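Below, each chain spelled out in residue letters.
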Amino acid sequence: MAGHIEDYAVIGDMRTAALVGKDGSIDWLCFPRFDSGSCFAALLGTSDHGRWLIGPEQQSRIRRRYRPGTLILETTFTTKTGKVTLIDFMPQAEEHSTIVRLVMGQEGSVKMLTDLVIRFDYGMSVPWVSRHNETTVTAIAGPSMLVIRTPVPIRGKDLRTQGEFTIRKGEVVPFVLTYVPSHLPQPLPIDVEVALSNTETFWKGWSGRLGTKGKWTDAIQRSLITLKALSYRPTGGMVAAVTTSLPEKIGGARNWDYRYCWLRDATFTLLAFLNAGYIEEADAWQQWLMRSIAGSPDQFQPMYGVAGERQLDEWEIEWLPGYEQSRPVRVGNAAASQLQVDIFGELADTLWLAGKAGLPPAPRRSELREVFLRHLEQAWRLPDEGIWEIRGGPQHFTHSKVMAWVAFDRASRSSALSVNERARWRKVAKEVHSDVCRRGIDQRRKCFVQSYGSEFMDASLLLLPIVGFLPASDRRIRNTVHEIEKRLISNGLVYRYETKSGVDNLPPGEGAFLACSFWLVDIYVLTGRKRTAQKLFERLIAICNDVGLLAEEYDPTAKRMVGNFPQAFSHVALVNAALNLSQALAPGSSRPVAKRHSKSRTDSIRAPATATRRNSEANRHVPG
């Protein structure tokens, strides 16, 4: 049985990634890409669906950490007879993705075992395993081959590859697993000491570029390293998570494949990279975005494959029982074909922010803006599936309309457009703004609601002041935040929406959504509630597991992480909230950080001048 989600750590080479449990078992790994079929799928089933365990035979006390500033995992087992450290990492410079596992004796002697169960195609395909010499074994099934090298004598038993060995103080025993297409020759052996040194140098060099220091630097750095690990190096795309089908409610059906790249993440990710000083990564993400959406705007998708693929057909894996019996297990994501109007606003905001930050112009940026704005001029009036990719039928979601306003608002302020063009889009922005303020409001409570005509709340409404739709001091925003605090907060954490409403056509119940909780931190900063913001932020980072990672959601009752893991959206939100809060608590102590808008527009919101000025001062601004 798989461990708790928070019991896992991630290692990767920016092509794929593996999840390593506290017990030393790799229970999830896909080759050659994040979204390829897995060769280890015990996470969603049992060890018979594939895993690689290296650990002590005896019971042990376990401590683990990442080497500072790296993605090199160290798990230390202390038994009655000694102490041993397992070092897990994936080298960045190798032609083929490789996992290196080094067993290092620290004290006394410890009897160890290894149990390698290879099952390609999500736990289905048993490979042919062949021994080539005393230290090399290969496993082949169809197009895939794994090459395993170790001096430990290993043998086949019951369709597993097993071995036992004793490690003593000062000894190091290596295990190396490399993926190669099966039609290619075996790769040459690697020097594990050189690989370890080079990997540590790479990660320390990268993480050392962090352009901010402060109270939460460690949490920011770990989140940024995690985001880098979720990046697909060949293209610059970033997957939402390493996994598929980790449930949002244990035993439930809210299980989705997150091994793809979401346009919605674009602006928040760009902000995180820019504000932390990672300009190259921000530009790579922008370039991936522009290549992926190339074409007609009526064919824009909410998500794409890591290389920009558009066919993400969803299907269910019937032979996997799911994480703790949470079914179905899905591959692909049907939400790729949904209409989600908010992505046009995210795209516009990304282009606007990239220009303000001085990133190199993306190819055909001006042409793209003109084409998709003309399309959006009609599309914003349509019902859609919204930010949460609802599968219960399209609605007029308030957040989607607001993000359409963002698209027109940013265009109306673009110096790249003519005066007449800016005036045109300003007029449309006013129309959208008026429509939202008229139809997206509950007239009795004077607050915004999830969708036109609804009485239910939605945490995406927290983004309204963040994107500049209204200042945080506006009475309607204050009422909205109050209603969200009353109806969507439990045990101090924010839930996405009221699942009991049936809006998503799924059984009710899920965990608190961590990114939404970080958005509330931002709202508290904007409204001057700095200590409340700090208290919530520190509550959130305390949820991070022992190596600083977050899933998509958290169940505060069971005190367990739920949802896919590690989750980019959670870590992006952590970085942005940490930087905003740090600046608010110590103004002038660090360089300015970029924001999603420069100031609220008084011509569209008619907010009191004092409120607008206060909001502008509380917000961030783009350098230069």
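Because the structure is a prediction, the values reported are computed rather than measured.

Chemist: Quick question: what am I supposed to make of empty space enclosed by the protein here?
Modeler: Any empty space left between the atoms is revealed when a probe the size of a water molecule rolls over them. One pass over the full model with this rule turns up 5 cavities of 30 Å³ or more. Volume-wise, the largest cavity comes out at about 340 Å³. As for the largest cavity, its lining consists of 23 residues, and the residues nearest its centre are Y258, W388, E389, R496 and E552. The class makeup of the residues in the lining of the largest cavity is 12 nonpolar, 2 polar and 9 charged.

Chemist: How do you make sense of the packing of aromatic side chains when you look at a structure like this?
Modeler: For any pair of aromatic rings, the description rests on two quantities: the centre-to-centre distance and the angle between the ring planes. Evaluated as defined, the whole model comprises 25 aromatic pairs. With 5.2 Å between their ring centres and 65° between their planes, W388 and F513 make a pair best called edge-to-face. Residue W388 is found in the loop between helix 7 (365-379) and helix 8 (398-412), and its partner F513 is found in strand 24 (residues 512-513); the two are separated by 125 residues along the sequence. Overall, the relative accessible area of 9% leaves W388 in the buried class. Among the aromatic residues, ring-to-ring pairing joins F268, W388, F513, W519 and F569 into one connected group. The ring centre of Y232 lies 5.6 Å from the NZ or CZ of R33, which sits over that ring. It is R410 that lies over the ring of W352; its NZ or CZ is 5.5 Å from the centre.

Chemist: Whenever I open this one, helix 8 confuses me. Can you help?
Modeler: Each α-helix turn comprises 3.6 residues. Residues three or four places apart therefore point the same way. If you check helix 8, its first and last C-alpha atoms are 21 Å apart, about what 15 residues at 1.5 Å a residue would give, namely 21 Å. For helix 8, a buried count of 15 out of 15 residues is recorded, marking the element as mostly surrounded by other parts of the structure.

Chemist: Looking at this structure, how should I read the packing of helix 5 (residues 279-293) against helix 6 (residues 342-356)?
Modeler: What describes two packed helices is the angle between their axes and the distance between those same axes. Here helix 5 crosses helix 6 at 140°, and the two axes come no closer than 11 Å. It follows from the interaxial angle that helix 5 and helix 6 lie oblique. The element helix 5 and its partner helix 6 pack so that their crossing is left-handed. Between helix 5 and helix 6, the contacting residues are Q286, L289, M290 and I293 on the first element and L347, T350, L351 and A354 on the second.

Chemist: Just to check I follow, could you spell out the confidence of the model for the chain for this structure?
Modeler: One rule of thumb: low pLDDT means the predicted coordinates there are not for detailed reading. Across the chain, the average pLDDT comes to 92, with 94% of residues at 70 or higher. Across residues 600-624, confidence stays below pLDDT 50; counting only partners more than four residues off in sequence or on other chains, it has 56 contacts.

Chemist: Help me out: how do you make sense of the pairing of strand 9 (residues 98-117) in this one?
Modeler: Moving residue by residue along a regular strand, the side chains alternate between the two faces of the sheet. The pairing of strand 5 (residues 51-56) with strand 9 spans 6 bridges and is antiparallel. Opposite I54, over in strand 9, you have T114 as the bridge partner. Sheet topology note: the strand 8 (residues 82-89)/strand 9 ladder contains 8 bridges and is antiparallel. In the sheet register, T85 faces strand 9, and the bridge partner there is M104. Two elements, strand 9 and strand 15 (residues 172-181), share 7 bridges in a ladder whose sense is antiparallel.

Calculation rules
- Residues numbered from 1 in each chain as written.
- Predicted model: local features only at pLDDT ≥ 70, side-chain atom pairs only at ≥ 80, totals over all residues.
- Heavy atoms only, no water.
- 1 Å grid on protein atoms, 1.4 Å probe; cavity = no way out; pocket = protein on both sides within 12 Å on 5 of 7 lines; lining within 4 Å.
- Points joined across faces, edges and corners; volume = space filled by probe spheres on them.
- Nonpolar A, V, L, I, M, F, W, Y, C, P; charged D, E, K, R; others polar.
- Phe/Tyr/Trp six-rings, centres within 6.5 Å; stacked < 30°, edge-to-face > 60°.
- Helix = DSSP H or I, 4+ residues; strand = E, 2+ residues; numbered from the N terminus.
- Buried < 20%, exposed > 50% of the residue type's maximum accessible area, 1.4 Å probe, protein only.
- Lys NZ or Arg CZ within 6 Å of the ring centre and 35° of its normal.
- Expected span 1.5 Å × (residues − 1).
- Axes fitted to C-alpha atoms, helices over the stretch in contact; angles between N-to-C directions.
- Parallel < 35°, antiparallel > 145°, perpendicular 65-115°, else oblique.
- Left-handed = near helix turned anticlockwise from the far one by under 90°.
- Contact = heavy atoms within 4.5 Å.
- pLDDT = per-residue confidence, 0-100.
- Pairing = 2+ DSSP bridges.

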